[in-house]
Amino acid sequence: MIQEEIRKLTAYGVLTGLTPEEDRIYTINRLLELFELEELTDEEEPVQVCLEDLEGILRRMLDYAFEVGLIKENSVVYRDLFDTKMMSVLLPRPSEVIRRFWKLYQESPQKATDFYYKFSCDSDYIRRYRICKDMKWKAPTEYGDLDITINLSKPEKDPKAIAAAKTAKQSGYPKCLLCRENEGYAGRVNHPARQNHRIIPVTIQGDTWGFQYSPYVYYNEHCIVFNGQHVPMKIEHNTFCKLFDFVKQFPHYFVGSNADLPIVGGSILSHDHFQGGHYEFAMAKAPVERSFQVKGFEDVEMGIVKWPMSVIRLRGVDTDRIIALADLILDKWRGYTDEAAFIFAETDGEPHNTITPIARKREDRYELDLVLRNNITTEEHPLGVYHPHANLHHIKKENIGLIEVMGLAVLPARLKGEMERLKEAFLSGQDLRSHEELAKHADWVEEFRKKYDKIDRTNIDEIVEKEIGLVFMQVLADAGVYKRTPEGQEAFDRFIQST
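Structure report, in brief.

**Considerations on the nonpolar core**
Here is step 1: Of all hydrophobic cores here, the largest spans 100 residues; its most connected members are Leu9, Phe35, Phe211, Ile312, Leu314 and Tyr482.
Here is step 2: Filtering out sequence-adjacent residues up to four positions away, phenylalanine 35 remains in contact with Ile2, Ile6, Met61, Tyr64, Ala65, Leu70, Phe82 and Met86.
Here is step 3: Phe254, Ile358, Leu432 and Val475 belong to the second-largest nonpolar core, a separate cluster that totals 53 residues.

Right under this line is the structure:
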C-alpha cells in the first residue's frame, strides 16, 4: 500500500508542476528513504491522480507512518509535522521559486502572485482541504455586506501535544512565526513545520522584507509582508511610506498594518509586518459621507467614511502628499484628548491613541484609510473601552485587528457546534438558560426573536447568520472611538477641524 501511495504523491507533484517529470525517480527514492524502505516493486500500470486526491494520499501515508513507528503520536500535531516533511520532498529550493516569481513579475505583478499563490496551495502550505471547511457568509447591514467566517481550518491541539509542548525545551529559533528562519524549518510540537514554505524577498523602502501567504487564508490571496529583521510594530511616517511602496509594486493588492498598541493591535506585535491581498472589503466599498479640506493640502481629498469604526480616508494622485497629511493626522491623534468624548491620549504615562492604516490603489488614484484607535481600559470595561463589550462576548471576545476593522469577522470554531445546538434547542422549545453551554446566548436570542413573526426550520439558519452579522456590526461600533450618534460625530468633526 505505501509504495502505491508514494507513486501517487510523486504523480501529484508532477501534475501540479512542483516536481519536474525529470525528477520523478529521484523523488520516489527520497520518499522511500523517508519511509525507511529499500526498494519499490514493479509498477503494474501508471497511477492517475487529481488535485483533490492529496488529502487522501497524505492520510493513508500518515496512517502507515504511525503503524510502523515513524510518528510518535497519531495526533494532528505530529501528523502535520510529518506530512510537511513528505511534501518538502516534492518541492524546488527557495532560489528556484524566487527566480520563477520575478521572471513572471516582468510580465505582470499579477502573473507572479497567481503563480506564487497556486504554488503555496499545491505545496500544502495552504491546506485547501481544511480551508474549505471554514463557514463563510455575507451579512447585510447598513454599512454594506460584512464578511463572516467561523474558522475551522486551524486545528486544535490534542491534550498529549499540549502536554508535550509544556515540557519541551523552550527555543528562541525561529524567534517568532514570521521570521525568515521559518523557511524550511522542520518544526516541533510547539512550533509548526515549514519545510514546504517558500518566501519571496521584496525590497521595501530600501530594506529586505519577506512576502508570503497566510496558511489560513481568511480572504482571497491573504498575504503577509514582514520585515527581514525581528523588530516590533510601530506606526509612524515610514509605515505609510512602506505601505505605498508595496502597493506600487503590487497595485492589484491592498495592504494594511495592525495598530502598534496592545488590545487594538494584532496577535504579533513583536515583529513588524503588514497584511494584504486581492480582495475588496466592505470598508473599502464604503462611501465618504463628509468631506473636509486641510489648509495646504487642497490637492488631497479627505473625508469621514460611513463605517461603524472611525475612519478618515485620504485620496490623491501623489502618495508623498497623502503621506504628509497622514503624518499630520497621526501626530495630532497621538496627543489628542477630548474628555467630553472619553478620548484620552495617555493616562499615568501610558499612551492610548494609535492608528490602523490601510493603503490601496483605485484606478489612477491612491487611497489611505486611517482608522483611529484607542486602547484605554476601565473597571467597567477591563478588556478595553473601545473593544467588544461584555454583552457581545458570547459571539466575539477577541481583539479587533486589521482584518476585523475592514469588515471580516473571524469567529471561534466553538460557534459552529453551539449554533447547531442552539437552533435545535430553540425549535424544540427548550429553556436556553438551563443549558450550561447555551445560556450565554439566551439574552441575544430573546432580543432578536421579537423581530420575526415566525422562526422555524425553514428560516432559522438564515436568521441566525443574519443576527451574527448584526452582532459583528455592533462589535465594530464598540471598537469605534467616535460613536455613530450626533454627539459622537460632532466630536469626530472636532478632531478633524483641529488638524
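**Considerations on helix H5 (residues 94-107)**
Here is step 1: Spanning 14 residues, H5 covers 21 Å between terminal C-alpha atoms, matching the ideal 20 Å at 1.5 Å per step.
Here is step 2: Within H5, burial applies to Val97, Ile98, Phe101 and Leu104. On an axial view of H5, the arc spanned by its buried residues comes to 135°, and they lie on one face. Facing away from the buried side of H5, by more than 90 degrees, are the exposed residues Arg99, Lys103 and Gln106.
Here is step 3: Contacts from the buried residues of H5 go to helix H6 (109-122), strand E3 (200-204) and strand E4 (207-213).

**Remarks on the sheet that holds strand E2 (residues 144-150)**
Here is step 1: Pairing is mixed in the open sheet, where three strands are placed in the order E1-E2-E15. Unpaired on one side and paired on the other, strand E1 (135-141) and strand E15 (408-411) mark the two borders of the sheet. Between one strand and the next, the sheet's axes are offset by a mean angle of 20°, whatever the strand orientation.

**Let's talk about the pattern of salt bridges**
Here is step 1: Within this structure, the stated rule accounts for 42 salt bridges.
Here is step 2: The residue arginine 457 makes a salt bridge to glutamate 424 at a minimum N-O spacing of 3.0 Å. Taken as a pair, arginine 457 in the loop between helix H14 (442-449) and helix H15 (460-479) and glutamate 424 in helix H13 (residues 414-427) lie far apart in primary sequence, 33 residues in all.
Here is step 3: The exposure class of glutamate 424 is partly exposed, given its relative accessible area of 39%.

Each value, and the rule that gives it
Residues numbered from 1 in each chain as written. Predicted model: local features only at pLDDT ≥ 70, side-chain atom pairs only at ≥ 80, totals over all residues. Heavy atoms only, no water. Core = buried A, V, L, I, M, F, W, Y, C linked by side-chain atoms within 4.5 Å. Buried < 20%, exposed > 50% of the residue type's maximum accessible area, 1.4 Å probe, protein only. Contact = heavy atoms within 4.5 Å. Helix = DSSP H or I, 4+ residues; strand = E, 2+ residues; numbered from the N terminus. Expected span 1.5 Å × (residues − 1). Arc of directions from axis to C-beta. Pairing = 2+ DSSP bridges. Axes fitted to C-alpha atoms, helices over the stretch in contact; angles between N-to-C directions. Salt bridge = Lys/Arg side-chain N within 4 Å of Asp/Glu carboxyl O.

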